[in-house]
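An overview of the molecular structure
So the chains spell out like this:
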Amino acid sequence: MEIVKVENLTKIYGKGETKVVALDNVSFSINKGEFVAIIGPSGSGKSTMLHLLGGVDRPTSGKVYINGTDIYSLSNDNLAIFRRKQIGLIYQFYNLIPVLNIEENISLPVLLDGKQVDKNKLNEIITTLGLKERVNHLPNQLSGGQQQRVSIGRSLINNPAIMLADEPTGNLDSKNSREIIDLLKYSNRKYEQTLIMITHDPEIAKEADRIIKIEDGKIS
Amino acid sequence: MNILNDITKKYLKLNRKRTIVSIIGIVLSGAMISAVTTLAVSFQGFMLDVEESNNGSYESIIENSTPEIIEQAEEQNNFKDIIPVSHIGMAENDFSDENFIRIMGVEKENIDKVAGMALEGRMPENENEIVVSTSFFNEETPYIGDKITLKIGKRLSDGYELIGSPKEENEEFEVEETRTFTICGIINRPYFETYYDYYNAAIILVDRSEILNSEKIDLALIDKNSKNIYEDSERLAESVNVSEEDIQYNNSVLMYKGVSLNSGFNAMLYSVCGILIVVIMIGSILVIYNGFAISVSERKKQIGMLISIGATKKQIKKSVLFEGVILGVIGIPLGILCGVLGIGITLKIVSSLIAPLLTFTRKRRNRISYFI
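Reading the values: the criteria
Residues numbered from 1 in each chain as written. Chains lettered and ligands numbered in written order. Predicted model: local features only at pLDDT ≥ 70, side-chain atom pairs only at ≥ 80, totals over all residues. Heavy atoms only, no water. Helix = DSSP H or I, 4+ residues; strand = E, 2+ residues; numbered from the N terminus. Buried < 20%, exposed > 50% of the residue type's maximum accessible area, 1.4 Å probe, protein only. Contact = heavy atoms within 4.5 Å. Areas by Shrake-Rupley, 256 points an atom, 1.4 Å probe, with all protein chains shown as cover. Axes fitted to C-alpha atoms, helices over the stretch in contact; angles between N-to-C directions. Parallel < 35°, antiparallel > 145°, perpendicular 65-115°, else oblique. Left-handed = near helix turned anticlockwise from the far one by under 90°. Nonpolar A, V, L, I, M, F, W, Y, C, P; charged D, E, K, R; others polar. Pairing = 2+ DSSP bridges. Core = buried A, V, L, I, M, F, W, Y, C linked by side-chain atoms within 4.5 Å. Expected span 1.5 Å × (residues − 1). Arc of directions from axis to C-beta. Patch = residues over 30% accessible without salt bridge, like charges linked within 9 Å, V, L, I, M, F, W, Y side chains within 5 Å. Salt bridge = Lys/Arg side-chain N within 4 Å of Asp/Glu carboxyl O. Lys, Arg positive; Asp, Glu negative; His and termini not counted. Charge placed at Lys NZ, Arg CZ, Asp CG, Glu CD. pLDDT = per-residue confidence, 0-100. Buried area = accessible area lost by both parts, 1.4 Å probe. Polar contact = N/O pair within 3.5 Å; in protein donor to acceptor, adjacent residues only side chain to side chain.

1. Points about the overall build of chain A
Scanning chain A from N- to C-terminus turns up 7 helices and 10 strands. Counting the 220 residues in chain A, one finds 53% classified as buried. In chain A, 70% of the contacts between residues at least 6 apart in sequence involve partners at least 24 apart. As displayed, chain A offers around 9,800 Å² of accessible surface, 46% of which is attributable to carbon and sulfur atoms.

2. Quick word on the overall build of chain B
Scanning chain B from terminus to terminus reveals 9 helices and 11 strands. Contacts spanning at least 24 positions in sequence make up 78% of the contacts within chain B whose residues lie at least 6 apart. For chain B, the accessible area works out to roughly 19,300 Å², and carbon and sulfur atoms hold 57% of it.

3. Quick word on the packing of helix α3 (residues 68-76) of chain B against helix α6 (residues 229-239) of chain B
All names here are of chain B. In the contact formed by α3 and α6, the axes pass within 10 Å of each other and the chain directions differ by 135 degrees. Judged on the interaxial angle alone, α6 and α3 are oblique. The interaxial crossing formed by α3 with α6 has right-handed handedness. Contacts between α3 and α6 involve Ile69, Gln72, Ala73 and Gln76 from the former and Asp232, Arg235, Leu236 and Ser239 from the latter. Of the residues contributing to the contact of α3 with α6, the split by class is 3 nonpolar, 3 polar and 2 charged.

4. What to know about the pairing of strand β5 (residues 129-133) of chain B
All names here are of chain B. Among the 5 residues in β5, 5 count as buried, and that is most of the element. Taken together, the 5 bridges between β5 and strand β8 (residues 172-187) define a ladder with parallel strand orientation. Bridging from a neighbouring strand, Val131 pairs with Gly185 of β8. Relative to strand β9 (residues 199-205), β5 runs antiparallel, the two being bridged by 3 bridges. Residue pairing across strands places Val131 opposite Ile203, the latter belonging to β9.

5. Here's the deal with the side chain of Ser155 of chain A
All names here are of chain A. Its location among the elements puts Ser155 in helix α5 (residues 144-156). The buried category is assigned to Ser155, whose relative accessible area is 4%. Residue contacts for Ser155: discarding those within four places in its chain leaves Gly88, Leu89, Ile90, Pro160 and Met163.

6. What about the sheet that holds strand β1 (residues 2-13) of chain A?
All names here are of chain A. Spatially, β2-β1-β4-β5 is the arrangement adopted by the 4 strands of the open sheet, whose pairing is antiparallel. Here the strands that pair on one side only, and so sit at the sheet edges, are β2 (20-31) and β5 (69-70). Against the sheet, helix α1 (residues 46-54) contacts β1, β2 and β4 (61-66), and its axis sits at roughly 125 degrees relative to β1.

7. As for the nonpolar core
In this structure, Ile103, Ile130 and Leu150 of chain B are the most contacted members of the largest nonpolar core, which totals 38 residues. Ile106, Val110, Val117 and Leu156 of chain A belong to the second largest nonpolar core, which has 33 residues in total.

8. Topic: the sheet that holds strand β3 (residues 35-39) of chain A
All names here are of chain A. The 6 strands are arranged β6-β7-β8-β3-β9-β10 in an open sheet whose pairing can be described as mixed. Of all the strands in the sheet, the pair left with one neighbour each is β6 (87-90) and β10 (218-219). Examined bridge by bridge, β3 and strand β9 (residues 210-215) share 4 bridges and lie parallel to one another. The residue of β9 that forms the bridge with Ile39 is Lys213.

9. A few points about the environment of Leu131 of chain A
Structurally, Leu131 of chain A is set in the loop between α4 (119-128) and α5. Residues in contact with Leu131 of chain A, not counting those within four places in the same chain, are Ile102, Ile106, Ile126, Gln146, Arg149 and Val150 of chain A.

10. So, the packing of helix α3 (residues 102-112) of chain A against helix α1 (residues 3-14) of chain B
Interaxial distance between α3 of chain A and α1 of chain B falls to 10 Å at its minimum, and their mutual angle equals 135 degrees. When the axes of α3 of chain A and α1 of chain B are compared, the pair comes out oblique. Every residue of α1 of chain B that contacts α3 of chain A at Glu104, Leu108, Leu111 and Leu112 of chain A is listed here: Ile3, Leu4, Asp6, Ile7 and Lys10 of chain B. Residues that form the contact of α3 of chain A with α1 of chain B fall into these classes: 6 nonpolar, no polar and 3 charged.

11. What to know about helix α6 (residues 174-190) of chain A
Residues and elements named next belong to chain A. Between the first and last C-alpha of α6 there are 24 Å, a value that for 17 residues agrees with the 24 Å anticipated at 1.5 Å per step. Inspection of α6 places Asn176, Ser177, Ile180, Ile181, Leu183, Leu184, Ser187 and Asn188 among the buried residues, and these make up the whole buried set. Seen end-on, α6 carries its buried residues on one side only, within an arc spanning 160 degrees. Residues of α6 that are exposed and point over 90 degrees away from its buried face: Ser174 and Lys175.

12. Topic: a negative patch on the surface
A contiguous patch of negative charge on the surface is contributed by Glu68, Glu71, Glu74 and Glu75 of chain B. As for its position among the elements, Glu71 of chain B is in helix α3.

13. As for the confidence of the model for chain B
Residues and elements named next belong to chain B. For chain B, the average pLDDT comes to 85, and 92% of its residues sit at 70 or higher. Throughout residues 360-372 the model reports pLDDT below 50, and contacts reaching past four residues in sequence, or to other chains, amount to 30 contacts. Here the prediction assigns the complex a pTM of 0.65, and the interface score ipTM is 0.74.

14. Here we look at the interface of chain A and chain B
With 20 residues of chain A at the interface, the matching set in chain B holds 19 residues. With both sides pooled, the region where chain A packs onto chain B buries about 1,700 Å², and carbon together with sulfur makes up 67% of that total. The interface formed by chain A and chain B contains 1 salt bridge. One salt bridge in this structure joins Lys10 of chain B and Glu104 of chain A, with 3.1 Å as the shortest N-O distance. Counting across the interface, chain A meets chain B through 3 residue pairs in polar contact (both at pLDDT 80 or more). With 6 residues, the top contributor of residues to the side of chain A that touches chain B is helix α2 (residues 76-86) of chain A.

This is the structure in structure tokens:
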């Protein structure tokens, strides 16, 4: 079953002489539960691709369907709501809210919806991520690996259709990287979570079911 | 509790220094604006006070009427204060060949409303005391504390009564009573003495029955709504067939009350205040916006994170607004309090310096009014 479908996606930055074609008429699709790695040299357009998949930016032309929804037909506010329900984002630098503790950070997407957090789900995630002893700590009291685990927890809490990870191990040592990748793979299997990960590390890319290579804005 | 508001509060607590600086900025601006407003209102009130103690607090006076006007005024029910002034009579001035003394009678509780406060000495406290216009006094005349005997009566010329005109050769003086008073104070020229009158004004105390029995009275008025004083006075004068020319207005008091038609003073005061407030507002908007913008740029990263997690623009706007509300709720009342208190203290100190300048050598308790 196709969960992500990208049709003729083009993104152009700037105009005239400063025009940069970041993505050039890209089409592909990803099935539910797949673990896809997007690799490519820096400047190849892979981050642009992730932003467009995540609904953070808007494309110049082309369409992105997630779970059957043409996400760029939505208004900005509806897109934001769609994003927090259907897309889990994991960043290289964790992007945790420094004033909220671990439990609150993980619950944030649910709280932004003004809903009650499912305690069982929250406890399960916290236990899976090995953060049980840390729930009341603030992000800056944790190690990098632990912070990344919190951000994985946050991306899982809403049972999103897809998880997007932007170089999730880029800021971690090899031991922590290994742990994070294992966790991502584990949640990919356990929750049948579709996982799209950007990386430039070929070793990590090898773990994926499929690799999409991007070069000069095109799939190669 | 909304999670974003919670984040905002925690953020404000975490950045205590910036929060306090922002609040101080708001307090300062609030204090300055309220100080300017308070100062203007106080100054206006102070000038009104000075004017009321110089000339009395009446707003208009209908002259040359009869006691029936009192009933009419009460009936029309437009006036806060209805103050009858009885025409007692003229008296020969033993200290001047040309001048007379004109005596009016007022009830004790009303005397300051038609004559203000004594320039020197005090206002009369019983019927044997008299206050005399400052124009009466020279080196030969009796002074405060001295007794003065007055033959009170009418100036008549060919059967006509004379009041303010110069002494005529064939005029006669018809004495009605002779009374001795103690001069207890000196007042400014009251409403019934002008520069071209050939008499000096004097005021004594009378009671209500004497007023009701007098031939002629003047009626001083203070309107319930000062803005209506012109039309209400005219209507009353018309109802007792008194000419409009017999209505006098206390223009300086009306001016400081913001009623008078020629209110250049108020226009000046308001425009100076307006300009000052605009300047303060521009200044404080720049300062506060700057502080706020820094805190926003510091939070931009966080806002970016929140957006990436799926916070809507509306939610972000609300949380920034919430921050402003928190700062404002703490800062604005504090600012107003500081401004009013500060200017109150300043005025208390300054008033003792200003009051003598504005009221000449009057020994009078410092009456400065500010609206707290």
